[in-house]
Amino acid sequence: MKNKINYFLILLYLIIGFVPNIGAIDRIATHFIYLNILSIFSILFFLTTKSKEMISFGIYKNKPLFIFILFTLWATISLFYSINLSESLISLIRILSILLVIFLMGLHFKQIKDLKLILALILFPIFLIEILMPVLKFLQIASNTEFSFKYANDLKTFTPNKNITAAIITAHMGFIFILRFYFKKLEPLFILLIFIGTGIIVFISARSSMIGLILSLLLVYILTYLKKRENIIFLNKVCLAVILGFFASNLYLGNSNTASTQNRLTSINTEDTSTSERIRFYTHGIKHILNNPIKGVGLGNWKTKGIEYNKNYIPAYVVPYHLHNDFLQFGTEIGIIGMFLYAFLFLVILIINIKRIDSNYYLSISLIIAISILFIDSNLNFPNSRPMMMVLLAFIIALTELNRTNEFEK
Amino acid sequence: MSLKSKVILFISLILTTVLGILNLRVYNSYVDQYQILVDFNNKTWGFKNFENMEVDFPNFTVTSMHLKCIKARYLMKDKKYVEALDILNSIEYDPLKLSEVQKAEAYLTTGDIPKMFDSAKLGFESLPRNQAHLIYYLKALSLSSMNSEILDLYIKYVDKDTSDKWLYFYFTAVFGIMDETNSDLIKRRAKDTYHSYKEFNNKELNTVIYYILYGKKNYKESLASSTEASEMFAKNDFIGAANNYKKAFENFPINPDNYYNNMASSFKSNNFLDVIETYRIIPDSINPNNGKFEFLVAKAYLKKEDSINSCKFFKESIRLNFKLAESYYINLCEK
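Each chain has its residues counted from 1, following the order in which its sequence is written. Key to labels: chains lettered from A, ligands numbered from 1, both in the order written. The predicted nature of this model means local features are confined to residues of pLDDT at least 70 and side-chain atom pairs, given and counted, to a pLDDT of 80 or more, with totals for whole chains, interfaces and linings taken over all residues.

K.L.:
I'd like a rundown of the overall build of chain B, residues and numbers included.
P.N.:
Segments assigned H or I by DSSP are reported as helices when at least four residues long, segments assigned E as strands when at least two residues long, and all are numbered from the N terminus. Scanning chain B from terminus to terminus reveals 17 helices and zero strands. Throughout, radius of gyration means the C-alpha value; the globule benchmark is 2.2 Å times the number of residues raised to the power 0.38. Computed over its C-alpha atoms, the radius of gyration of chain B comes to 31 Å, more than 25% above the 20 Å expected for a compact globule of 335 residues. Dimensions of chain B along its principal axes, counting C-alpha atoms only, are 110 × 60 × 40 Å. Three exposure classes are used, based on other C-beta atoms lying within 10 Å of a residue's own C-beta, which is placed from the backbone: buried for 20 or more, exposed for 12 or fewer, and partly exposed in between. Counting every position in chain B, which comprises 335 residues, the buried fraction comes to 40%. For chain B, contacts bridging at least 24 residues in sequence account for 49% of all contacts bridging at least 6. We call two residues in contact if the C-beta atoms placed from their backbones are at most 7 Å apart.

K.L.:
Break down the nonpolar core for me, with residues and values.
P.N.:
Core analysis: the largest hydrophobic core is formed by 131 residues, its most contacted members being Val101, Ile102, Met105, Val391, Ala394 and Ile396 of chain A. It is helix 16 (residues 361-380) of chain A that contributes the most residues to this core, 14 residues altogether. Residues in contact with Ala394 of chain A, not counting those within four places in the same chain, are Ile98, Val101, Ile102 and Met105 of chain A. Counting 81 residues, the second largest nonpolar core, distinct from the first, contains Val55, Ala84, Phe267 and Ala300 of chain B. What we call a nonpolar core is a set of buried Ala, Val, Leu, Ile, Met, Phe, Trp, Tyr and Cys residues whose membership is set by joining through C-beta atoms within 7 Å.

K.L.:
Lay out the packing of helix 3 (residues 81-89) of chain B against helix 4 (residues 98-110) of chain B in plain terms, naming residues and giving numbers.
P.N.:
Any two packed helices are characterised by the angle at which their axes cross and by the distance between the axes. Residue and element names in this part refer to chain B. Every axis in this analysis is a line fitted to C-alpha atoms, fitted for helices over the stretch in contact. Angles between the N-to-C directions lie between 0 and 180 degrees. At a minimum axis separation of 10 Å, helix 3 and helix 4 run at an interaxial angle of 150°. Our classification of the angle between helix 3 and helix 4 gives roughly antiparallel. Both helix 3 and helix 4 take part in a crossing whose hand is left-handed. Within the contact between the two elements, helix 3 uses Tyr81, Ala84, Leu85 and Leu88 and helix 4 uses Ser99, Gln102, Lys103, Ala106, Thr109 and Thr110. Classification used: nonpolar for Ala, Val, Leu, Ile, Met, Phe, Trp, Tyr, Cys and Pro, charged for Asp, Glu, Lys and Arg, polar for all others including Gly. Of the residues that constitute the contact of helix 3 with helix 4, the class distribution is five nonpolar, four polar and one charged. Oblique is the label for any angle not covered by the other classes, which are roughly parallel (under 35 degrees), roughly antiparallel (over 145) and roughly perpendicular (65 to 115). Note on convention: the crossing is left-handed when the near helix lies turned anticlockwise from the far helix by less than a right angle, right-handed when the turn is clockwise.

K.L.:
Residues and numbers for the interface of chain B and chain A, please.
P.N.:
On the side of chain A, 44 residues touch chain B, which itself brings 44 residues to the contact. Classifying every residue of the side of chain B that touches chain A gives 25 nonpolar, 15 polar and four charged.

K.L.:
Hey, could you go over helix 2 (residues 67-77) of chain B for me, with residue numbers and the actual values?
P.N.:
All names here are of chain B. Judged by how many residues are buried, helix 2 sits mostly within the fold: ten of eleven residues are covered. Those residues of helix 2 lying buried are Leu67, Lys68, Cys69, Ile70, Lys71, Ala72, Arg73, Tyr74, Leu75 and Met76. For helix 2, the secondary structure elements touched by its buried residues are helix 1 (3-42), helix 3 and helix 4. Just downstream of helix 2, Lys79 is the residue with a positive phi angle, here 60°.

K.L.:
Can you explain unusual backbone geometry? Please cite residues and give values.
P.N.:
Backbone torsion omega between Phe57 of chain B and Pro58 of chain B reads 5°, so that peptide bond is classified as cis. Looking at the secondary structure, you find Pro58 of chain B in the loop between helix 1 and helix 2. A positive phi is found at Ile22 of chain A, a non-glycine position, where the angle reads about 50°. Checked against the element boundaries, Ile22 of chain A lands in the loop between helix 1 (2-14) and helix 2 (27-48). For Ile22 of chain A, a count of 13 C-beta atoms within 10 Å corresponds to the partly exposed category.

K.L.:
Any details on the confidence of the model for chain B? Residues and values, ideally.
P.N.:
Overall, the predicted model of chain B reaches an average pLDDT of 93, with 99% of residues at or above 70. Quick note on the complex model: pTM equals 0.86, ipTM equals 0.92. The pLDDT value expresses, per residue, how confident the predictor is, ranging between 0 and 100.

K.L.:
Can you break down the packing of helix 9 (residues 183-196) of chain B against helix 10 (residues 203-214) of chain B residue by residue, with the values?
P.N.:
All names here are of chain B. As a packed pair, helix 9 and helix 10 sit with axes 9 Å apart at the nearest point and diverge in direction by 140°. Accordingly, the angle class assigned to the pair helix 9 and helix 10 is oblique. Here helix 9 and helix 10 pass one another in a crossing that is left-handed. Contacts from Ile186, Lys187, Ala190, Lys191, Thr193 and Tyr194 in helix 9 reach Ile209, Ile212 and Leu213 in helix 10.

Spelled out as structure tokens, the structure:
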């Protein structure tokens with residue numbers, strides 16, 4: 001019974017993306033309340049069950065969690081110099097909400113310790129739904145008209161933004177590795193899902209996810225070649241499925257189609273509006289950090305401070321309230337120490353999992369792919385502002401801790 | 001479970017509850033902001049509960065507008081300018097300077113022009129590309145008779161990134177201050193803008209530029225002549241139509257339609273020489289080069305039994321992709 005509640009609460013955390021706005025202008029407000037409610041239930045559950053776990057020791061040993069706590073503390077200091085305390089407080093309560101999710105999800109995983117059931121009963125069905133929803137939408141569009149870039153946003157389905165949908169699908173694709181370890185007979189199905197998932201990313205035209213997928217596969221290929229060459233066969237199949245996915249979807253779209261990979265990737269130049277905008281945002285961010293390296297403008301305040309830098313590019317009242325790079329944004333808000341602490345979090349997760357390739361190859365590769373994609377997305381978008389993406393980070397941290405402390409692939 | 005673990009969980013429980021309450025406050029504001037956004041975009045201002053709306057936590061909307069500005073907007077809609085100014089003056093930090101523009105609007109209504117000028121200037125300098133900020137600054141400059149400052153805005157702010165709407169408001173303002181001393185300068189700038197921003201195809205901007213270049217009276221007369229000519233053409237009064245189309249292009253010489261319609265009317269009234277004469281005076285810059293004009297000229301020459309010139313123009317029309325000219329050319333010129 002105890003474990004069933006653990007599974008159920010983890011499931012509720014992971015389906016956050018499917019929680020609607022419920023009247024709010026931005027669903028992140030609804031999502032944070034949802035997370036707080038789940039966290040209250042989780043804590044009550046832990047308080048009422050008998051457990052031998054020493055929570056305090058767990059915190060010190062879980063390095064990613066410890067770094068996130070340090071990061072939160074550093075961000076808290078910014079309240080003293082923030083240019084708008086109200087915005088800083090709102091951002092801080094959001095970071096604290098995520099911190100609690102990381103902490104509590106870790107405790108749930110610690111009590112379960114059975115990865116197979118989590119993957120089979122929770123992650124795999126979620127992944128299937130995430131893949132199926134855009135596929136069905138795509139088929140609906142393609143049956144009525146020729147699919148092109150202008151329809152890409154319609155494939156966002158379960159999130160408010162196509163880039164978030166693509167990033168979530170891409171990151172979850174990494175978990176196919178550990179699924180394959182537990183369910184070898186289903187390997188053809190997993191390869192097929194990788195193929196379909198790649199096609200969806202091409203149709204969504206999310207360039208950061210395309211780049212993330214290619215770079216993360218390149219990284220795990222090098223790591224597998226160096227550390228676990230005997231497992232390269234499955235990786236080859238995955239790479240082949242990705243290549244075929246790119247090839248088949250582009251063949252369907254045709255070279256002249258605005259959604260084709262060729263057109264989307266070649267449009268990454270300074271003439272492209274979104275690219276030139278990002279370059280401008282990054283230039284402003286770097287300039288601000290260089291002028292204010294220790295004290296930023298205060299947590300959550302770039303959305304207002306950025307107006308001063310962008311004042312010559314605001315014809316209406318549409319303000320670029322994200323810098324489209326979480327690291328630089330934290331740099332502008334809480335200084336370079338905060339920026340490096342956040343970047344260090346990703347590095348530590350990566351290192352822990354690389355170290356565990358020898359013992360838990362499939363789980364480590366899954367986590368390396370997921371964290372790499374989240375890292376690349378953090379450099380090009382703003383996943384930190386989306387609770388759904390931060391729950392993914394919490395999930396990665398919880399699994400990384402399990403990976404560090406357990407032998408799953410004996 | 002150890003006491004230490006229980007303490008950590010109890011602290012977490014209290015913290016989560018506090019976070020939940022604070023997040024709920026933000027959520028309630030986000031629900032209000034949904035209605036506010038609808039009002040703001042549609043200018044409906046139907047949000048009933050604005051008196052009680054959250055303005056402190058959060059104090060900015062998701063689109064970075066100060067919520068006190070939003071509340072002030074609802075008050076101003078109800079003509080409560082003094083209350084609105086009280087709220088706007090209490091804002092300490094507003095990088096968009098929406099509050100200054102709203103203050104300018106309120107001061108304009110209450111007739112306090114010096115304060116209106118200060119607020120409008122501050123608002124404009126903070127967001128110079130914004131149309132609303134520009135409008136109030138232009139109004140402030142105009143009310144203060146600062147015509148040279150209005151003219152100087154062109155040098156400071158017009159470049160490739162300037163929006164067509166911004167230019168429309170700017171040229172509307174300068175049209176209002178046109179006199180003998182600045183007329184040439186304004187016309188030169190209007191001409192430059194017309195050539196640079198043609199691709200916007202903004203009717204309002206084009207119209208104000210036409211007013212500046214050809215005069216409001218001439219432009220309106222041209223439109224009236226064109227309408228009258230069209231009615232005459234429908235009644236088969238081709239001579240009257242040709243005369244009115246001529247008046248239309250004389251008053252407003254950059255609309256190619258008036259030239260073409262004049263040529264077509266002249267052709268219908270068998271004044272073939274007029275067709276050719278009108279074609280000669282069309283400025284090269286406005287000829288659409290679609291072969292239609294040349295085809296009509298070729299037919300006029302044909303009627304005048306000048307097959308050499310007729311063939312020359314049919315050939316030119318074919319070169320400009322006017323398909324109808326092909327059969328004429330084959331039958332007349334290749335046999």
